[in-house]
Each structure stands twice: as structure tokens, then as C-alpha cells.
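Each chain, letter by letter, is given below.
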Amino acid sequence: MTDGMPPIEAECGVVRRLQSGDRAAAGELFAWFGDRLYRAAILPRLPVPELAEDVLKDTFRLALERIDQFTIADRSIYFWLRRIAINRAIDVHRKRQRHHAFQERHTHEETIDRTMGNAPPAPDRGQEVDELKSQVALSLSRMNPRYAMALKLRILDDLDREECARIMDVTVGNFDVILHRATKAFRKVYPPT
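A short note on helix 3 (residues 49-65)
Compared with an ideal rise of 1.5 Å per residue, which puts 17 residues at 24 Å, helix 3 spans 24 Å between its outermost C-alpha atoms and is within 8% of the ideal. Residues of helix 3 that are buried: Ala52, Val55, Leu56, Asp58, Thr59, Phe60, Leu62 and Ala63.

Considerations on helix 6 (residues 145-156)
Where helix 6 is concerned, the buried positions are Ala148, Ala150, Leu151, Leu153, Arg154 and Ile155. Remark: Asp158 follows helix 6 within two positions and exhibits a positive phi of approximately 55 degrees.

Regarding the environment of Arg142
Positionally, Arg142 belongs in the loop between helix 5 (126-141) and helix 6. Residue classification places Arg142 among the partly exposed residues on the basis of a relative accessible area of 44%. When the C-alpha positions of Arg142 and Pro192 are compared, they lie 8.9 Å apart, and in sequence the two are 50 residues distant. Excluding residues within four positions of it along the chain, Arg142 makes contact with Val189, Pro192 and Thr193.

Thoughts on the packing of helix 2 (residues 25-42) against helix 3
Between helix 2 and helix 3, whose axes approach to 10 Å, the crossing angle comes to 140 degrees. Compared by their axis directions, helix 2 and helix 3 come out oblique. For the element pair helix 2 and helix 3, the recorded crossing hand is right-handed. Facing helix 2, whose interface residues are Ala26, Leu29, Phe30, Gly34, Leu37, Tyr38 and Ile42, helix 3 presents Pro49, Ala52, Glu53, Val55, Leu56, Thr59, Phe60 and Leu64. A class-by-class count of the residues in the contact of helix 2 with helix 3 yields twelve nonpolar, two polar and one charged.

Parameters at a glance
For every chain, the first residue of the written sequence is number 1, and numbering continues from 1 along that sequence. pLDDT decides what is reported in this predicted model: residues at 70 or higher carry local features, side-chain atom pairs at 80 or more are listed and counted, and totals for whole chains, interfaces and linings draw on all residues regardless. Each side-chain value is derived from all of the structure's non-hydrogen atoms; neither hydrogens nor water enter the calculation. Put simply, DSSP H or I for four residues or longer makes a helix, DSSP E for two residues or longer makes a strand, and each gets a number counted from the N terminus. Take the number of residues in a helix, subtract one, and multiply by 1.5 Å to get its expected span. Relative accessibility under 20% of the residue-type maximum defines a buried residue, over 50% an exposed one, and the middle range a partly exposed one, all with a 1.4 Å probe and only protein chains included. Two residues qualify as a contact provided that any one of their heavy atoms is within 4.5 Å of a heavy atom in the partner residue. Throughout, an axis means a line fitted to C-alpha atoms (over the contacting stretch in the case of helices), and angles, computed between N-to-C directions, take values from 0 to 180 degrees. The cut-offs work like this: below 35 degrees is roughly parallel, past 145 is roughly antiparallel, 65 to 115 is roughly perpendicular, and the gaps in between are oblique. Left-handed is the label given to a crossing in which the near helix is rotated counterclockwise from the far helix by less than a right angle, and right-handed is the label when the rotation is clockwise. Residues are grouped as follows: nonpolar covers Ala, Val, Leu, Ile, Met, Phe, Trp, Tyr, Cys and Pro; charged covers Asp, Glu, Lys and Arg; every other residue, Gly included, is treated as polar.

Here it is, written out as C-alpha cells:
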């Protein structure tokens, strides 16, 4: 081995064995490259050890499924495995980010529902509630009408996202973007001065 890499001839032999159906040869590939792929290709892109370990397993599973697509050449199979590992790590990282974004959005919506819900006000807070409503109305009037409409439909009228999107004649995804921008715009004008 040079630089921790086995001789190309040895790799070619293992690849030929794999391509002819000898799955035991996969253990040799793993012994040669598993740790290096984990530390150099996967973990830097996905710094969660449990997920990185899963990606390493997926890398070798995919490599075994696609071993017939690998062309034996004068270059190490490591680089082919590395490309599979990097692609898999990026996919898992993106999926994880989408999941976290969904959780944050869901938590944000729950918080809005709890704080802006329709619970009846205490009898001694009537004047305070009226003043708050008038401040909200004034702030909404100072915003882009489309943003104000999105906030009114979703938060004040308590309509679900699909209904809001239908009323505004946009997709649910576009409505979510409008609502996000509307909440940012509302923060700039509330409370009115």
C-alpha cells in the first residue's frame, strides 16, 4: 500500500471478483477505504456521526448495486466510492435541512395560533383589546396590500393555508412565501408610531 491505498492491481482483482458476484470481496474494499471515506468525504459534509455512519453504509450498498457500472482503469476505485459518498452525504444533509425548516415553520405556526388565538378576553381588558386591534389595523393599512391580506386571512380570520392560497389565487407554496414576507414586513410597521 502507498499513502494508505492498496496497489491498483489488488484493487482490480477485488473489483473483478465483485463484478463476477463475489460479495465477500466487498469486505476488502471496506477495510481499505471505509475509514478514509468516513473521515475525509462524509463527516466534513455531514458532521452528525450517526448520519455519517448511515451514509457510509449506503455508500457501500450503492457501490455493490452499481459495481457493474464501474470501469476498471489505472485509477483507484476510491475516487468512484468517494463521489458516491459525497453525493449521498449531500442528499442526507439537504433532507435534514428541509426537515428542520419544516419543524421550525410548524413550531412558528403553533406559536402564532397560541398567541393570536380567539380566546375570549378578560372583562377588564376590553379597552386594551380594542386599542390593540386598532394598532394592528393601522399597521396593516401601512403595508403592501397583498401582505396585509395574507396576514388577515391566515392569522386574523384563522383560515388554513390552502384556503388562503385559494382566495389569493396562488399555490400553497407561494402563499407560504407571501406570508413569511408579510410577517417580516409587519414587524417593521408594528407598533405604529
